[in-house]
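# Understanding the architecture of this molecule
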Amino acid sequence: MIAVPRVLRTPDSVDFFDYARLGKLLLRRCDSCGAVRGPQERFCPQCHAAAHTKTHARGSASLVSWAVVHRSPLPALEEQTPYIAGIVELTEGPWLLVRVLTAPGEALRAGMELEIWIAAAGDGEGEPLGLAQTRQVSRVGHRQARSGGERAISGCRRLPS
Amino acid sequence: MTTIVGLGMTRFGKVFGVSSAQLAATAVERAVQDAGLNLGQLDGLLVSSGLRNDVTPMLACDLGLRELSLVASMNTYGATANTMVAECARAIADGTATTIACVFGDTPLRPDRRAGAAWSARDSTLRGYHGWQAAGGAATPNVLYAVAARRHMEEYGTTTDQLAAIAVAQRQWALGNPHAQMRTPITIEDHHVSPWIADPLRRLDCCLVSNGAIAIVVTSAERAADLAQPAVHVWGYGQAHRPRVLGRDSWWGLETAAGPSSRQALRRAGLTLQDIDLVELYDCYTYTVLVTLEDYGFCAKGEGGAFVENGRLAPGGDLACNTGGGQLSGYYMWGFTPLSEAVIQIRGHGGDRQVPRHDIALVSGNGGILEYHSTLVLSSEAKPR
């Protein structure tokens, strides 16, 4: 089971969390130049225009880099250490900072293909978390099968493509 | 022409029972005395706060300063010390102020908790999209710098032993620094058994956490001539910033804005890297030193790992670097750590750790997660007109 720190929505993240509750990861496509940017970016990093159309990630990504966290900065994740957190590049282009799940004994390398999942908290409270996992995890499950933390993920859903 | 004429430092580390503002006031008082001035001669005050965010322009009241023509709180994160000196250069050149104190003070350490807790996030503070990303577990500089270092390792083959070489070299320098918090020698093997914080970074790759304060006094070269200490002249300054770009083709983690920042500073100074006697580099992590050396051009991109091997940065090595132990082994006062050590070395006051050639120093500041950068070129000689 994976612990889920509680995250509170803010006025500027309402659309992002509305998408997440539908199992979708919000992205923004620039109306001016067509570049796709992350949900937090008000202005297009390519052409600086604000106008955009909402879209969502297809759920495939590649690993940019990662760390194996031994001293968790978050109390809710202390029981989970060591865990992996990293940067992944969505096929659409934007990067995500995200928890990365590996299968038992599986080694990571830059460029590795990953799948993005949205996971709801087990108690149904709070906002869902995003996860990246290797293809092997999808087949055999991830190495951190023990329970831990106060709140655990239940419904892990692959992003709809 | 701008000159650093005073340096004031408090004790560093577990300094308890005194506020950041009190420490900052002590540092300013000492810097003014060091220069051979008195507080009443200050007409400018620039303040910089660390984690506690409690050194404010109201420090002017604490110091009993009655009339000032320049007061500001500045924040370029870890790049602030050098951007303050650049601000002083402009203020002195345009006549805004003549004699300015710049000070950093912080008290993140508390007697009842471990040092790392000072930088930890609390779950209750996770809000919005940034909180959602932090909930994945990469919430702090330790993790993000580890992700940056791993990227360099994957791209260029940089090794943990190369990071260790930086930690070991700086500890050797710290042995000669009475202000340093860590004065026990370490080896590469000690690095191997140092606890993981966020793999690939071990505890010995991470900076200290310190309570304390440092101040400098800045004035014109003309005024400096009559003062108490050997003058430290500001030949050049630069800054460049690359806020984190989170998307395809981003160089985040591999290359920083240190390059354009140092080129600006060297161009103003009319110098090249070959003229530099010593470098004092912002070292929140061992990796920060490695990537800054590359971006400054001391070696090619990707070759920083090989460059720092074999004691090149250690006492007696080819490049005198972080000669007081830096923030890894000395004290963690943001950009005032490298800046204070540069002042000490240029003055020739380095004692056991004094480097033989100390006429020109290059000083870096780095803030955010390799996002904000500033550079100074300092010299013992007045700049030729």
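For the structure itself, consult the block above.
Since we're looking at a predicted model, the values are computed, not measured. (Residues numbered from 1 in each chain as written. Chains lettered and ligands numbered in written order. Predicted model: local features only at pLDDT ≥ 70, side-chain atom pairs only at ≥ 80, totals over all residues. Heavy atoms only, no water.)

### Brief notes about the overall build of chain B
Within chain B one finds 13 helices and 12 strands. In terms of C-alpha radius of gyration, chain B reaches 20 Å, essentially the compact-globule figure of 21 Å for 385 residues. Based on the C-alpha atoms only, the size of chain B along its principal axes is roughly 55 × 50 × 40 Å. Counting every position in chain B, which comprises 385 residues, the buried fraction comes to 63%. When the accessible area of chain B is evaluated, it comes to approximately 14100 Å², of which 48% is carbon and sulfur surface. One way to put it: in chain B the 31 positive side-chain charges average out to a point 5 Å from where the 36 negative ones average out. (Helix = DSSP H or I, 4+ residues; strand = E, 2+ residues; numbered from the N terminus. Rg over C-alpha atoms; globule rule 2.2 N^0.38 Å. Buried < 20%, exposed > 50% of the residue type's maximum accessible area, 1.4 Å probe, protein only. Areas by Shrake-Rupley, 256 points an atom, 1.4 Å probe, with all protein chains shown as cover. Lys, Arg positive; Asp, Glu negative; His and termini not counted. Charge placed at Lys NZ, Arg CZ, Asp CG, Glu CD.)

### Topic: the environment of Tyr-332 of chain B
All names here are of chain B. Along the chain, Tyr-332 turns up in the loop between α12 (326–330) and α13 (336–347). As for Tyr-332 and Leu-246, which are separated by 86 residues in sequence, their C-alpha atoms are 28 Å apart. Within the local environment of Tyr-332, its side chain forms a polar contact with the side chain of Trp-334, the two groups lying 3.4 Å apart. (Polar contact = N/O pair within 3.5 Å; in protein donor to acceptor, adjacent residues only side chain to side chain.)

### Re the packing of aromatic side chains
The full count for this structure, using the stated rule, is nine aromatic pairs over all chains. Put simply, the rings of Phe-16 and Phe-17 of chain A together with Tyr-129 and Trp-132 of chain B touch in pairs and so form one group of aromatic residues. Lying across the ring of Trp-196 of chain B, Arg-202 of chain B places its NZ or CZ 3.7 Å from the centre. Directly above the aromatic system of Phe-307 of chain B lies the positively charged group of Arg-312 of chain B, at a separation of 4.2 Å from the ring centroid. (Phe/Tyr/Trp six-rings, centres within 6.5 Å; stacked < 30°, edge-to-face > 60°. Lys NZ or Arg CZ within 6 Å of the ring centre and 35° of its normal.)

### Side note on the interface of chain A and chain B
The interface is formed by 45 residues belonging to chain A together with 39 residues belonging to chain B. Summing the contributions of chain A and of chain B, the shared interface buries around 3600 Å²; its carbon and sulfur component is 62%. The largest contributions to the chain A side of the interface with chain B come from Arg-71, Trp-95 and Leu-97 of chain A, which together make up 22% of the buried area. Counting the contacts that link chain A with chain B gives one salt bridge. Among the ionic pairs, Glu-89 of chain A bridges to Arg-248 of chain B, the shortest N-O distance being 3.3 Å. Taken together, the connections running from chain A to chain B amount to 17 residue pairs in polar contact (both at pLDDT 80 or more). Elements with a contribution of two residues or more to the side of chain A that touches chain B: α1 (14–21), β4 (60–69), β5 (83–90), β6 (95–101) and β8 (129–134) of chain A. The residue inventory of the side of chain A that touches chain B, partitioned by class, reads 30 nonpolar, nine polar and six charged. Two strands pair when backbone bridges link them, and β4 of chain A and strand β5 (residues 196–199) of chain B are joined in this way by two bridges, in the antiparallel orientation. (Contact = heavy atoms within 4.5 Å. Buried area = accessible area lost by both parts, 1.4 Å probe. Salt bridge = Lys/Arg side-chain N within 4 Å of Asp/Glu carboxyl O. Nonpolar A, V, L, I, M, F, W, Y, C, P; charged D, E, K, R; others polar. Pairing = 2+ DSSP bridges.)

### Digging into the sheet that holds strand β1 (residues 26–30) of chain A
Residues and elements named next belong to chain A. What the three strands build is an open sheet, ordered β2-β1-β3; its pairing is antiparallel. Of all the strands in the sheet, the pair left with one neighbour each is β2 (36–37) and β3 (52–56). The pairing of β1 with β2 spans two bridges and is antiparallel. Following the sheet pairing, Arg-29 is matched in β2 by Val-36.

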